[in-house]
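# An overview of the molecular structure
Chain by chain, the residues:
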Amino acid sequence: MGSLVLLFIGFCLILFLLRVQRKKNFPPGPYVFPIFGNLLQLNLTNPVPDLQKLSGQYGKIFSFYIGSRPVVVLNGVQVIKEALLKKSVEFAGRPQDLLVSHLTENKGVILADYGPSWREHRRFSLMTLRNFGLGKQSMEERILGETQHISAYLDRSAGKSMDPQHLFHKATSNIICAIIFGSRYEYENEFFLAMINKMQENAKLTNGPWAMLYDSLPVLRYLPLPFQRIFQNYHSVVEHVSGIVTQHNVTQVAGEMRDLIDCYQKEMEKQGDSNSSFDKSQMIGLLMDLLFAGTDTTSNTLRFAFLYLMTHPHVQERCQKEIDQVLGEKPQASFEDRHRMPYTQAMIHEAQRVANTVPLSVFHTTTKDTQLMGYDIPKGTLIIPNLSSVLNEESQWKFPHDFNPSNFLNDEGEFVKPEAFMPFSLGPRMCLGEGLARMELFLILVTLLRRFHFFWPEDGGVPDYTPVFGVTQAPKPYRLGFRLRGRQGV
Ligand code: HEM
């Protein structure tokens, strides 16, 4: 009995020594348990509803703990704008010691910390994506080219139904491949399928409980646990991408810029060796970032858009009427046409709002000690901009809980974009693929709506809009019914 009491006292003492307490004037939040912090209080398969509840309890800015690491969650348009726009530099860092940071070795853009290398690579990527130097073929032509492949693929099965996940995934991945590697892959290409599978598996694993364990208990990191698979997948894609870069050196023609790799090589030569952040390992990091960030995001948004279009036939018909009217006999749509399609524009933005594709953005950190809404936040604190809280914020939307393009239309039927529309986040770390993604969504949706009618198949069960949480959120698998429309513009 005596030893049991001693054991109990010892246990309590350990818990006492390991206890974590919030610093004075740190954002409030739930009681923090030793070792796991608040992890066991959150549903890790989808923490968004729990974060929403905590915000209701503790306010628009609150904190919780991953192990002993404090995390501050920003909710609602006002707080997120205050941090990411008004205090943009203070909130522009990225964590450097999470699994994903170890994976990418902080190369490239997405997970690089705020500093010269990130700034130079971001500027280079934006310039290149904006067509300064991407050769003869414009971004629009590359997207339209891939759209023709999607159309041709659907043509062969018109009148039937299919799960669109793989098709959209391959198409958006191909668009980014065309931009960075200068070539697309056939949809059945073995390497292409393996690369997509590895990236999808990593998207799932980096978001699961093993990644959380890696982040909260560093002692486990070197053990042969399932998170080692993430490293294997990543390095296998890196190996292939390195091979493509080496091949480029052989086939490159002086002065001809075929793709982003050629532009990067030119930039490396221009900068020379003098303190340049441009080198081969950074190039591979950037290519991996663009491949990863440019695929799931757009393809999951398309999947959500078609789920809602099938189950809201009146919205689909109204878009088709507008598209037919504006395009007339034109062989294909152009991005410029969006200015004459307010309803279709509103539908696409509404699809992005409900898709809520990157619900918790990419984690930020504070680059110096700072203050937000009266709270003190020390340098290096992990920050989660809860974009989901803004895209569904009741005070910001006419119909926050429905799929309704009127959220983006004024009384005159003109397209308007409320300030709470921030699926690409805000500030200096804002998505650098926004322009590309918007062009893809418009050209793909308009081309397909013009050619096909989409319907919920009879054997499709009951539509379920509940998202599957992830770094990028997806709809549950569903079947897309489609048939050719009476008039065929494409
Ligand atoms: C609908 C599609 C997309 C959505 C909703 C989306 C959303 C986001 C979000 C929320 C972030 C985090 C911003 C932050 O940290 O505050 C981000 C970052 C980023 N996105 Fe996207 N994205 C999309 C498509 C793309 C595409 C097509 C590309 C490829 C060109 C891309 C490349 C990037 C990169 C490189 C970053 C990191 C930027 C930085 O850290 O400076 N994204 N995106």
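Please refer to the structure higher up on the page.
Residues numbered from 1 in each chain as written. Predicted model: local features only at pLDDT ≥ 70, side-chain atom pairs only at ≥ 80, totals over all residues.

### Brief notes about the overall build of the chain
Along the backbone of the chain there are 17 helices and 11 strands. On C-alpha atoms alone, the chain measures out to a radius of gyration of 24 Å, which is about the 23 Å that the 2.2 N^0.38 rule sets for 490 residues. Summarising its shape, the C-alpha atoms of the chain cover approximately 85 × 55 × 45 Å along the three principal directions. Counting over 490 residues, the chain shows a buried share of 41%. (Helix = DSSP H or I, 4+ residues; strand = E, 2+ residues; numbered from the N terminus. Rg over C-alpha atoms; globule rule 2.2 N^0.38 Å. Buried ≥ 20, exposed ≤ 12 C-beta atoms within 10 Å, placed from the backbone.)

### A word on the site of the ligand
Residues in contact with the ligand amount to 26 residues; listed here are only the nearest, Ala293, Gly294, Ser425, Cys431 and Gly433. Mapped by element, the contributors of at least two residues to the shell around the ligand are α12 (280-293), α13 (296-311) and α17 (434-451). Class assignment for the residues of the shell around the ligand results in 14 nonpolar, nine polar and three charged. (Near = placed C-beta within 6 Å. Nonpolar A, V, L, I, M, F, W, Y, C, P; charged D, E, K, R; others polar.)

### Regarding the nonpolar core
Most often, soluble globular proteins have nonpolar side chains that are buried together. In this structure, Leu74, Ile180, Ala305 and Leu445 are the most contacted members of the largest nonpolar core, which totals 113 residues. In terms of residue count, the dominant contributor to this core is α17 (11 residues). In this view, Ile180 contacts Asp259, Leu260, Ile261, Leu287 and Leu290; residues no more than four positions away in its chain are not counted. (Core = buried A, V, L, I, M, F, W, Y, C linked by C-beta atoms within 7 Å. Contact = placed C-beta atoms within 7 Å.)

### Considering α17
The first and last C-alpha atoms of α17 sit 26 Å apart over 18 residues, in line with the 26 Å expected at 1.5 Å per residue. When you tally the buried positions in α17, you get 15 out of 18 residues, the bulk of the element. (Expected span 1.5 Å × (residues − 1).)

### A word on the pairing of strand β1 (residues 61-66)
In the case of a regular strand, side chains alternate between the two sheet surfaces. Within β1, five of the six residues are buried, which leaves the element mostly enclosed by the surrounding structure. Pairing between β1 and strand β2 (residues 69-75): six bridges, direction antiparallel. The partner of Ile61 across the bridge, within β2, is Leu74. Linking β1 back to β2 in an antiparallel pair, the connection comprises two residues, with Gly67 at a positive phi of about 60°. (Pairing = 2+ DSSP bridges.)

### Concerning helix α11 (residues 260-271)
For α11, with 12 residues, the first-to-last C-alpha span of 16 Å sits near the 16 Å given by 1.5 Å per residue. Restricting attention to buried positions, one finds in α11 the residues Leu260, Ile261, Asp262, Cys263 and Tyr264. Among the structural elements, α5 (116-129), α7 (165-180), α10 (227-251) and α12 are those in contact with the buried residues of α11. Following α11 by one or two positions, Gly272 adopts a phi angle in the positive range, close to 60°.

Just distances and angles here, no functional claims.
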